[in-house]
Amino acid sequence: MTLPMCKWLSAERSADHLVAWNESREWRQHEFRRDVLSLIAGLRRTSHSRWALCLDDNYSFAVALLAVIYSGKTPVLTGHSRPAVLAEQRSEFDALITDLPLSPDCPLLRLPFALQETLTVLPPWPQDASVILFTSGSTGKPQKIVKPVSCLELESQWLCARWGTEFAGTRFAATVAPHHMYGLSFAFMLPLSLGLPFATTGIKYHEQLHSLAAAHSLVFISSPAFLGRLDPSLNTRTLRHVFSAGGPLKHEAARLVEQTCGDVPTEIYGTTETGIIAFRQQHQPEQVWTLFDDIVFSLSPDGNTSLISPLVSPSDGFTLSDEIRMLPSDPRHFELLGRKDRIVKIAEQRVSLTEIEQRLCHMDFLSEASVLTVEKHGRVYVAAVLVLSRDGEQLLDAQGRAALLDNLRQALRSWISPVALPRYWRIVPAIPLNQQGKRSFAELQEMFL
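In the nomenclature of an unreviewed UniProt entry, the protein chain corresponds to Acyl-CoA synthetase from the organism Rahnella bonaserana.

This is the structure in structure tokens:
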């Protein structure tokens, strides 16, 4: 039975209804309600209105989010638990709820919460509740987004209407955390709206997925970074459904998921600002995307694509940062061509970080690259984080780092101006990713501190 957020704790779900589980225990509806009521009592003893949620356990996250909303306060989903970045965002929250060994410079409530006082009746559900999220920060500093709970609920209704009947008798497991928009919508809102249990711990390895799938019928919420490295030799029991978001899946990765997990993954295209926009299943390479109902694209005279969506509040349109090619014969379908150039100004010159990154990625010495800007002594410079190919590793071993970087600089000079050449370089085993499988801008920046 699908329920709105305000009724997740109601008697419409029985006291022994299974809410969440891990491999050692289960949480039932009566415990869920008790824990939320207990935390509400704790929050009532404080005057803080904006509560950051930094929680590793997904059940604790559910308790904290509901308790903060019921208390008439605002949940702030920072999207991470890195102390340095939390310190940067300190002005965005008044206090913090965590189950991690954090010591922030602010009031703190630590879960599991000690039962000191228990309420018996839930406060009225606030009709104007909102959640503060931040964009993933994969291409720059995360931006603050205020998301009305009513938009989250409408999005959840769309997802339940499209896929809910397929999920009867399943459980939800995820590699992504509910602190970002995709994880919040698919790994948190969707199972709780449908009344289906969710795993309290995130999946980090294929072996964990294999173990859970052997015991339960699973809906799996994941990302291209995880799905692209599944072990084809590990015979995972067929999953009921696989979702992927955070970037387009390569067709080879979609085929790998089908071969390994028995399901062609459903890819979701969306943003923190807009919520879900479109979906596809790659039965063929470069399958086109299908817009969700009630979403409309329009092409502006300057070539940008805008959308009108009931999930955007206020619904006055939103300009996408991706290149879109709509099919002339069918405006409900489109091709996603990639992100627009990231243009920055350095020494009064326009510099495309996207172009530098693409030039580097096409070099034989590199398998991957990420380009960003860093500020040093009041000036902005281009910086590059590199993952070497086998040829690059051999050159590094034979001639050293200076020779390798000189080769890269000489190659780049053929295409870009001197001011656009990266001034700072880092060589890493892999580009750091956040919990959503996107590049972690915070970790990339920290490499150049």
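The rest of the description comes next.
(A) The arrangement of the nonpolar core in detail. Counting 84 residues, the largest nonpolar core has M5, F32, L39, L65, I97, F188 and I221 as the members making the most contacts within it. Looking at this core, the element that brings in the most residues is helix 2 (residues 58-70), giving eleven residues. Apart from the residues lying within four places of it in its own chain, the contact partners of L65 are M5, L53, P75, L77, V131, L184 and F188. Ranked by size, the runner-up nonpolar core spans 22 residues in total, among them V382, L386, L388 and L421.

(B) Fine view of the sheet that holds strand 18 (residues 318-319). Ordered by their spatial adjacency, three strands build an open sheet running 16-17-18, and the pairing between neighbours is antiparallel. Edge positions in the sheet fall to strand 16 (296-299) and strand 18, since each has one partner strand and no second.

(C) Up close: the packing of aromatic side chains. Under the definition given, this model contains 18 aromatic pairs. For the pair W163 and F279, a centre-to-centre distance of 5.7 Å together with 80° between the ring planes defines the contact as edge-to-face. Remark: F279 occurs in strand 14 (residues 275-281) and W163 occurs in helix 4 (residues 149-163); sequence separation between them is 116 residues. Summarising the burial analysis for this pair, W163 and F279 share the class buried. Ring geometry for Y182 versus F186: centroids 5.3 Å apart, planes at 55°, classification tilted. Taken together, the residues Y182 and F186, both in helix 5 (residues 181-194) and four residues apart, mark about one turn of the helix. In this structure Y182 comes out as buried when scored by relative accessible area, which is 12%. Assessed through its relative accessible area of 1%, F186 is described here as buried. Over the ring of W163 we find R162, and its NZ or CZ is 6.0 Å from the ring centre. Sitting over the ring of W21, R171 keeps its end group 4.9 Å from the ring centre.

(D) Empty space enclosed by the protein, seen in detail. With the rule as written, the count across this model stands at three cavities of 30 Å³ or more. Volume-wise, the largest cavity comes out at about 50 Å³. Along the walls of the largest cavity sit N58, F172, A173, A174, A187, F198, A199 and T201, which together make up its complete lining. Of all the secondary structure elements, the ones that give two or more residues to the lining of the largest cavity are strand 9 (171-174) and strand 10 (198-199). It is strand 9 that provides the largest number of residues to the lining of the largest cavity, a total of three residues.

(E) The arrangement of the packing of helix 1 (residues 29-44) against helix 2 in detail. Following both chains from N to C, one finds helix 1 and helix 2 inclined at 50°, their axes separated by 8 Å at the closest point. On the basis of the axis angle, helix 1 is oblique to helix 2. Crossing hand, helix 1 versus helix 2: right-handed. Touching E31, F32, D35, V36, L39, I40 and L43 of helix 1 are Y59, A62, V63, A64, L66, A67, V68 and Y70, all from helix 2.

(F) The pattern of salt bridges, seen in detail. Considering all chains together, one arrives at 13 salt bridges under this definition. For E12, the salt bridge is made with K7, and the minimal N-O distance between the two is 3.5 Å. Taking the relative accessible area as the measure of exposure, K7 reaches 36% and is therefore partly exposed. When the shortest N-O distance is used, the salt bridge between E26 and R28 registers 2.6 Å. Several salt bridges converge on common partners, so that one network encompasses E26, R28 and R171.

(G) Seen up close, the environment of C261. Structurally, C261 is set in helix 8 (residues 251-261). A relative accessible area of 1% means that C261 is categorised as buried. Considering only alpha carbons, one finds C261 and P232, 29 residues apart in sequence, at a separation of 9.2 Å. Residues within four places of C261 in sequence aside, it is in contact with L209, L230, R237, T238 and L239.

Scoring rules and cut-offs
- Residues numbered from 1 in each chain as written.
- Predicted model: local features only at pLDDT ≥ 70, side-chain atom pairs only at ≥ 80, totals over all residues.
- Heavy atoms only, no water.
- Core = buried A, V, L, I, M, F, W, Y, C linked by side-chain atoms within 4.5 Å.
- Buried < 20%, exposed > 50% of the residue type's maximum accessible area, 1.4 Å probe, protein only.
- Helix = DSSP H or I, 4+ residues; strand = E, 2+ residues; numbered from the N terminus.
- Contact = heavy atoms within 4.5 Å.
- Pairing = 2+ DSSP bridges.
- Phe/Tyr/Trp six-rings, centres within 6.5 Å; stacked < 30°, edge-to-face > 60°.
- Lys NZ or Arg CZ within 6 Å of the ring centre and 35° of its normal.
- 1 Å grid on protein atoms, 1.4 Å probe; cavity = no way out; pocket = protein on both sides within 12 Å on 5 of 7 lines; lining within 4 Å.
- Points joined across faces, edges and corners; volume = space filled by probe spheres on them.
- Axes fitted to C-alpha atoms, helices over the stretch in contact; angles between N-to-C directions.
- Parallel < 35°, antiparallel > 145°, perpendicular 65-115°, else oblique.
- Left-handed = near helix turned anticlockwise from the far one by under 90°.
- Salt bridge = Lys/Arg side-chain N within 4 Å of Asp/Glu carboxyl O.

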